[in-house]
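Structural description and commentary
In case you want the letters, here they are:
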Amino acid sequence: MKPSLLLVALLAIASNGIASAQTAPAAAVVSYADVATQYATLVHANYDDALQSARTMQQTIEAFVAVPSADTLTAARRAWLAAREVYGQTEAFRFYGGPIDDDKGPEGRINAWPMDESYVDGVQGKPSSGLIGNRKFVISKKNLAAQNERGGEENIATGWHAIEFLLWGQDLSESGPGNRSFEDFVDGKSGNADRRRQYLSVVTDLLVDDLATLTRAWVPGSKNNYRARFQQGGKESVRKILVGLGSLSRGELAGERLEVALNSQDQEDEHSCFSDNTHRDAVTNAKGIQNVWQGSYKRADGSAVQGASLRDLVAAKDAALADRTTQTISASLAAAEAIQPPFDREIVGGKDAPGRQRIQKTIDSLTQQSKELVAAANAVGITKLTLVQP
């Protein structure tokens with residue numbers, strides 16, 4: 001072999017070795033079972049963090065209800081926002097009939113929206129409306145659960161957004177969130193203050209109960225819970241994972257949560273309208289998708305959950321597709337992070353308004369990633385992938 005050819009050959013071998021070392025994590029040989037097991041570990045970790053953050057919120061709400069003040073109300077609001085950061089990432093675990101949204105699942109009690117706030121409490125022009133204003137209605141977890149979505153999808157009585165409304169009140173400002181006074185919870189300062197305090201406590205307790213149920217469904221070591229069956233599901237479990245990611249990407253996040261509001265330019269169509277936290281909902285939902293794709297999750301205590309991933313599984317069949325999907329998912333997260341608060345100002349204006357362009361960029365990236373997730377499923381032998389459509 002001529003020296004020049006030998007040099008080329010050695011460089012080629014070295015370059016291949018470097019490339020292999022750089023892409024080794026993505027090209028690791030994993031099985032359907034490996035991916036399903038790691039997913040179950042990730043899901044439990046995320047739900048457990050969501051439960052713990054909700055319990056912290058519960059404690060701050062108990063302190064506020066006991067002694068309503070501007071300071072205790074602010075603390076309760078901060079705890080709600082912190083808990084949402086964790087819960088938002090769990091949305092990637094939906095849409096395939098798992099514990100959160102099977103026929104008996106609690107999803108509708110936990111995160112349903114948009115909400116007709118007058119169904120729960122008095123609003124501008126209707127100060128005595130809602131379940132709180134109806135003093136014949138007995139406020140209990142059982143009764144609130146029974147009233148949730150009764151008579152219409154917007155008749156939301158429970159969950160994150162009912163709590164959000166009680167803490168912030170109606171958003172009547174173009175420049176900020178709702179600004180409910182703590183005096184709404186003080187006897188003698190506002191009508192039905194006693195029932196408002198009771199409702200806030202009970203609806204928070206119900207949310208914590210539902211999150212505890214989800215955490216138990218995914219807890220390791222049980223022979224009878226959903227996790228035990230899911231880990232044995234092999235290819236079918238991987239199909240469910242991909243259905244969840246693809247459906248959240250296009251149908252729910254890009255469609256229901258961004259596209260609808262962008263088209264209507266109506267504040268009532270934003271996800272967390274009372275607190276003006278919708279921009280963070282988009283980010284945490286997109287982050288949840290990235291977590292599952294990469295098989296990784298950063299826990300609330302800073303520890304890392306990392307293991308076999310969909311990316312690994314796809315890379316073994318089509319490395320270029322795996323890389324492309326990874327890049328698009330990262331781009332979607334970055335686009336969501338660029339959306340500026342308040343969201344209800346981002347959606348207004350003409351087609352060329354900067355806020356509308358930021359949201360449209362996020363929608364476009366999420367739509368593209370849903371197509372790549374379908375291609376990724378095909379690459380690993382999964383052809384029947386029915387996604388939730390907007």
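Refer to the preceding data block for the structure.
Let me begin by describing the structure that accompanies this report. Residue numbers run consecutively from 1 along every chain, following the written order of its sequence. The predicted origin of the model limits local features to residues at a pLDDT of at least 70 and limits the giving and counting of side-chain atom pairs to 80 or more, whereas totals for whole chains, interfaces and linings rest on all residues. Remark: hydrogens and water are excluded; side-chain values derive from all non-hydrogen atoms of the structure.

Quick word on the overall build of the chain
As a reminder of what qualifies: Counting from the N terminus, the helices are the DSSP runs of H or I reaching at least four residues and the strands are the DSSP runs of E reaching at least two. The size measure is the radius of gyration over C-alpha atoms, and the globule rule it meets is 2.2 Å times the number of residues to the 0.38 power. Using a 1.4 Å probe on the protein chains alone, a residue whose accessible area is under 20% of its type maximum counts as buried, one over 50% counts as exposed, and one in between counts as partly exposed. In what follows, a contact means two residues having at least one pair of non-hydrogen atoms within 4.5 Å. Method for areas: the Shrake-Rupley scheme with a 1.4 Å probe, in which residue coverage is limited to the protein chains shown.
What the chain contains, in helices and strands, is 15 helices and two strands. Taken over the C-alpha trace, the chain has a radius of gyration of 23 Å; the compact-globule value for 390 residues is 21 Å, and the two agree within 12%. If one aligns the C-alpha atoms of the chain with their principal axes, the spans along those axes are about 95 × 55 × 35 Å. Across the 390 residues of the chain, 54% fall into the buried class. Of the contacts made within the chain by residues no fewer than 6 positions apart, 74% connect residues no fewer than 24 positions apart. When the accessible surface of the chain is totalled, it reaches about 17000 Å², and 51% of it is carbon and sulfur.

Describing the packing of helix 2 (residues 32-66) against helix 3 (residues 70-87)
As a reminder, the rule being used: Note on geometry: axes are lines fitted to C-alpha atoms, helical ones only across the stretch in contact, with angles between N-to-C directions running from 0 to 180 degrees. Should an angle lie under 35 degrees it is considered roughly parallel, over 145 roughly antiparallel, and from 65 to 115 roughly perpendicular; all remaining angles are considered oblique. In the scheme used here, Gly and all other residues not listed as nonpolar or charged are polar, with Ala, Val, Leu, Ile, Met, Phe, Trp, Tyr, Cys and Pro taken as nonpolar and Asp, Glu, Lys and Arg as charged.
Running from N to C, helix 2 and helix 3 point in directions that differ by 170°, and their axes come no closer than 8 Å. Judged by the inter-axis angle, helix 2 sits roughly antiparallel to helix 3. Contacts between helix 2 and helix 3 pair Asn46, Asp49, Ala50, Ser53, Ala54, Met57, Thr60, Ile61, Ala63 and Phe64 from the former with Thr72, Leu73, Ala75, Ala76, Ala79, Trp80, Ala83, Val86 and Tyr87 from the latter. Residue composition of the contact of helix 2 with helix 3, grouped by class: 14 nonpolar, four polar and one charged.

Focus on the packing of aromatic side chains
What counts, and what does not: Think of it this way: a Phe, Tyr or Trp ring, Trp meaning its six-membered ring, pairs with another when their centres are within 6.5 Å, and the plane angle makes it stacked under 30 degrees, edge-to-face over 60, tilted otherwise.
Applying the stated rule across the entire model yields 13 aromatic pairs. Taking 6.3 Å as the distance between ring centres and 80° as the angle between the ring planes, the aromatic pair formed by Trp80 and Trp160 counts as edge-to-face. With Trp80 in helix 3 and Trp160 in helix 7 (residues 160-168), this residue pair connects regions lying 80 residues apart in the sequence. Across this residue pair, the class does not change: Trp80 and Trp160 are buried. Taking the centre distance of 5.3 Å and the plane angle of 75° together, the rings of Trp80 and Trp168 count as edge-to-face. Here the residue Trp80 occupies a position in helix 3, and Trp168 occupies one in helix 7, the gap between them amounting to 88 residues. What makes Trp80 buried here is its relative accessible area of 0%. Put simply, the rings of Tyr39, Tyr47, Phe93, Tyr96, Trp218, Tyr226 and Phe230 pair up and form one aromatic cluster.

Considering the pattern of salt bridges
For the record, the criterion: A pair is scored as a salt bridge if a Lys or Arg side-chain nitrogen falls within 4 Å of a carboxyl oxygen belonging to Asp or Glu.
On inspection of all chains with the given rule, the structure shows 21 salt bridges. For Arg280, the salt bridge is made with Glu85, and the minimal N-O distance between the two is 2.8 Å. Of the two residues, Arg280 is situated in helix 11 (residues 278-294) and Glu85 in helix 3; the sequence distance between them amounts to 195 residues. Exposure remark for Arg280: the relative accessible area of 29% places this residue in the partly exposed category. What makes Glu85 partly exposed here is its relative accessible area of 24%.

Some thoughts on empty space enclosed by the protein
It is the rolling of a water-molecule-sized probe over the atoms that shows where space remains empty. Inclusion rule: Residues are called lining when one of their atoms sits within 4 Å of a cavity or pocket point, these points coming from a 1 Å grid over the protein atoms alone, where a cavity is a set in which a 1.4 Å probe fits but cannot get out and a pocket is an open set with protein on both sides within 12 Å along at least five of seven lines. Grid points are joined across faces, edges and corners, and a volume is the space filled by probe spheres set on the points.
Here the structure, examined in full by the defined rule, presents three cavities of 30 Å³ or more. Of the residues that constitute the lining of the largest cavity, the class distribution is six nonpolar, two polar and two charged. For the second largest cavity, the calculated volume is near 50 Å³. If you go around the second largest cavity, the residues you meet are Val35, Gln38, Tyr39, Leu42, Ile241, Val292, Gly295, Ala308, Ser309 and Leu310. Here the lining of the second largest cavity gets four residues from one element, more than from any other, and that element is helix 2.

Section: the layout of surface pockets
Considered as a void within the structure, the largest pocket measures approximately 350 Å³ in volume. Lining the largest pocket are 16 residues, with Ala112, Trp113, Pro114, Glu149 and Glu153 positioned closest to its centre. Looking at the lining of the largest pocket, the elements with two or more residues in it are helix 4 (107-111) and helix 10 (235-264). It is helix 10 that provides the largest number of residues to the lining of the largest pocket, a total of four residues. Class assignment for the residues of the lining of the largest pocket results in five nonpolar, two polar and nine charged.

As for the nonpolar core
Formally: Nonpolar core, defined: a set of buried Ala, Val, Leu, Ile, Met, Phe, Trp, Tyr and Cys residues in which side-chain atoms within 4.5 Å join the residues together.
Ranked by size, the top nonpolar core spans 106 residues in total, and within it Tyr199 and Trp218 carry the most contacts. When residues of this core are assigned to their parent elements, the largest contribution, 15 residues, is made by helix 2. Non-local contacts of Tyr199, meaning those with residues more than four positions away in its chain, are made with Val120, Leu131, Ile132, Ile139, Leu144, Ala157 and Leu166.

Things to note about the packing of helix 2 against helix 10
Basically, it comes down to this: Crossings are sorted by hand: turned counterclockwise from the far helix by less than a right angle, the near helix makes the crossing left-handed, and turned clockwise it makes it right-handed.
Two elements in contact, helix 2 and helix 10, have axes whose closest approach is 8 Å; the angle formed by their N-to-C orientations is 50°. Relative to helix 10, the element helix 2 is oriented oblique. Handedness of the helix 2/helix 10 crossing: left-handed. Residues Tyr32, Val35, Ala36 and Tyr39 of helix 2 form the contact with helix 10, whose participating residues are Lys235, Ser237, Val238 and Ile241. In terms of residue class, the contact of helix 2 with helix 10 is built from six nonpolar, one polar and one charged.

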